[in-house]
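# Structure assessment
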Amino acid sequence: MMVVSENSVTIKVTPPTKGLFDLMVFARHADSQGPYNWVCSYRIQCPEPRNGETLPENPFHFWGLHQKVRDFGIEDSSYKGELLVAPQGTLLLTLQTSRALLAMYELVHKDLDAALSKKCLAAQAEEDKLSCHVLCPFQGYYRLSVFVKDVGGTTTFRNVANFLLHCSGPVNQNELFPSGLSLHCGSGLSSSSHGLSNPSHSAPIITTKLGKCNITFHAPADVEVMASLSKDKVTASSEYPLERYVLVTHLKSKISVCVVLPEPGVYKVGLFGRSKDNEEFAHICDYIIRCFSEPCWPPFPKVYSLWRRGCVLLEPRTGVLQEQSWVRFRVKVPKAHKAVVLGEEKTVLQLAPSAVWEGDVFSGAAGTTIRLAASFGQHCSSLEVLLGFEVGGGPPASLGCSG
């Protein structure tokens, strides 16, 4: 095991068996691409080998930080020793940076395959800091390698650190991160570049006992955000897709992403954004939501394309209404000249002085579909559907989070 700094080299040798061993040391200038030259040799006698776990393979020939790590933009690391310890199977590595960097991470263990390894890492890139949340599903030694490159640069990712990590208390594999996480988890460089600021949750991992949360950002008026909710394995027999459990609300200078969960587990919330100059949505960042209680929230209403900036659903906050009951509707729909609720009967909502369309709606029989619709022209008689609700036969549905 070799650790190299700017002015020293430390080599630790663990002979696999007893006997004599020859150690030969080769070196070259740090900036050279030429061959390594022999420097010196040692003969090591081992009367009794140390029985222990085998270290993971390291094709990068050094452990710890690269001796030229500052040239790559890394100023400091949260771990200074040669061994990182994760007694409970979790670890947070942070690297202070002198400039904006992107990072990739590789986690290697003898029992860890490539697909499972990706579910053990969550990367966050901020203006002056890189962070990596690590989960260890097996006991023993791991290699955690770090690769960085400049934001917007044309260079490839370069290996800047290889940490030896030991775990004595692994996490349950059901608690690993969801698949498909990007290099931008939580707020940071990507969210800032899309105009989002003042996040309610700067860290990428949100743990909730109630099974719901509200993620907010301040945003310019010309930025539109959409969100996706996914989970590797959905076990509950729900008739509603996961997209119904997330609701995005655009206010004047704020964006709210409200999430309710239908069952326990680990979820990924992906945020995507576009400005008025772009037709396509671009990925912004991911959040990880963890809930190990027993949530069973109903879904939000089905959202149609005309539900846009400034539209706010105040009541009801659920997309499944109780049968044969009166339901209070309160919504904000900017620029609407008329708002109605279409079900077994048509209910015309009234515009209050607070610019809220409101009224009491009878839900009707189970299985009925109820739609919120509006007309946007003073002399236009056609109605555009904004939200869709279902009428269920169970007890009253609990409300989700507001915002």
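The paragraphs below set out a description of the structure included in this document. (Residues numbered from 1 in each chain as written. Predicted model: local features only at pLDDT ≥ 70, side-chain atom pairs only at ≥ 80, totals over all residues. Heavy atoms only, no water.)

## Structural notes on the overall build of the protein
Within the protein, the secondary structure is distributed over two helices and 30 strands. Here the C-alpha radius of gyration of the protein, 28 Å, is well above what a compact globule of 403 residues would show, namely 22 Å. Here the C-alpha coordinates of the protein stretch approximately 90 × 40 × 25 Å along the principal axes. Buried residues in the protein amount to 43% of all 403 residues. In the protein, 68% of the contacts between residues at least 6 apart in sequence involve partners at least 24 apart. Surface summary for the protein: the accessible area is close to 21,100 Å², and the carbon and sulfur share equals 51%. (Helix = DSSP H or I, 4+ residues; strand = E, 2+ residues; numbered from the N terminus. Rg over C-alpha atoms; globule rule 2.2 N^0.38 Å. Buried < 20%, exposed > 50% of the residue type's maximum accessible area, 1.4 Å probe, protein only. Contact = heavy atoms within 4.5 Å. Areas by Shrake-Rupley, 256 points an atom, 1.4 Å probe, with all protein chains shown as cover.)

## A short note on the pattern of salt bridges
Taken as a whole and assessed by the stated rule, the structure comprises 14 salt bridges. Taking the shortest distance from any N to any O, the salt bridge between R330 and E358 comes out at 3.5 Å. Here R330, found in strand β24 (residues 326-332), pairs with E358, found in strand β28 (residues 357-362); they are 28 residues apart in sequence, far enough to count as distant. The class for R330 is partly exposed, based on a relative accessible area of 24%. Of the residues examined, E358 reaches a relative accessible area of 21% and is grouped as partly exposed. (Salt bridge = Lys/Arg side-chain N within 4 Å of Asp/Glu carboxyl O.)

## Details of the side chain of E263
As for its placement among the helices and strands, E263 is situated in the loop between β18 (254-260) and β19 (265-275). Among the polar contacts made by the side chain of E263, one reaches the side chain of K231 at a distance of 2.9 Å. (Polar contact = N/O pair within 3.5 Å; in protein donor to acceptor, adjacent residues only side chain to side chain.)

## Comments concerning the pairing of strand β16 (residues 223-230)
Burial along β16 is one-sided: V223, V225, A227 and L229 are buried, and none of E224, M226, S228 and S230, which face the opposite way, are. Bridging between β16 and β19 involves eight bridges; their strand directions are antiparallel. Residue pairing in the sheet places L229 in a bridge with V269 of β19. (Pairing = 2+ DSSP bridges.)

## Notes on a nonpolar patch on the surface
A cluster of nonpolar side chains, namely M24, F26, Y36 and W38, defines an oily patch on the protein surface of about 480 Å² accessible area. Tracing the backbone shows F26 in strand β3 (residues 19-27). (Patch = residues over 30% accessible without salt bridge, like charges linked within 9 Å, V, L, I, M, F, W, Y side chains within 5 Å.)

## A closer look at the nonpolar core
Of all hydrophobic cores here, the largest spans 54 residues; its most connected members are V257, V259, L271, F329 and L372. When neighbours within four sequence positions are excluded, F329 is seen to be in contact with E315, P316, L321, V341, L349, W357, E358, G359, V361, I370 and F389. Membership of the second largest hydrophobic core comes to 43 residues, among which are L91, A122, L130 and F163. (Core = buried A, V, L, I, M, F, W, Y, C linked by side-chain atoms within 4.5 Å.)

## Points about the sheet that holds β16
If you trace the four strands from one edge of the open sheet to the other, you get β14-β20-β19-β16, paired in mixed fashion. The two strands at the open ends of the sheet, each matched to only one other strand, are β14 (205-207) and β16. Averaged over all pairs of adjacent strands, the angle between their axes in this sheet comes to 25°, without regard to strand direction. In this structure, β14 lies alongside strand β20 (residues 282-291), joined through three bridges in parallel fashion. The residue bridging I206 from the neighbouring strand is I289, located in β20. (Axes fitted to C-alpha atoms, helices over the stretch in contact; angles between N-to-C directions.)

## Quick look at the state of the cysteines
Summed over all chains, the structure comprises zero disulfides. There is no disulfide at C46, and the cysteine sulfur nearest it, in C40, is 20 Å away. Residue classification places C46 among the buried residues on the basis of a relative accessible area of 9%. Here C291 stays unpaired: no disulfide links it, and the sulfur of C213, its closest cysteine neighbor, is 9.8 Å away. According to the relative accessible area criterion, C291 is buried, its value standing at 0%. (Disulfide = S-S within 2.5 Å.)

## So, the packing of aromatic side chains
Taken as a whole and assessed by the stated rule, the structure comprises three aromatic pairs. Summarising the aromatic geometry, the rings of F329 and F389 are spaced 5.2 Å apart at their centres and angled 75° between planes, so their arrangement reads as edge-to-face. Here F329 is found in strand β24, whereas its partner F389 is found in strand β30 (residues 384-392), with 60 residues between them in sequence. Classification of F329 as buried rests on a relative accessible area of 0%. K231 extends its terminal NZ or CZ atom over the ring of Y267, reaching a point 5.7 Å from the ring centre. Positioned above the aromatic ring of F376 is the side chain of R308, whose terminal nitrogen or guanidinium carbon lies 4.8 Å from the ring centre. (Phe/Tyr/Trp six-rings, centres within 6.5 Å; stacked < 30°, edge-to-face > 60°. Lys NZ or Arg CZ within 6 Å of the ring centre and 35° of its normal.)

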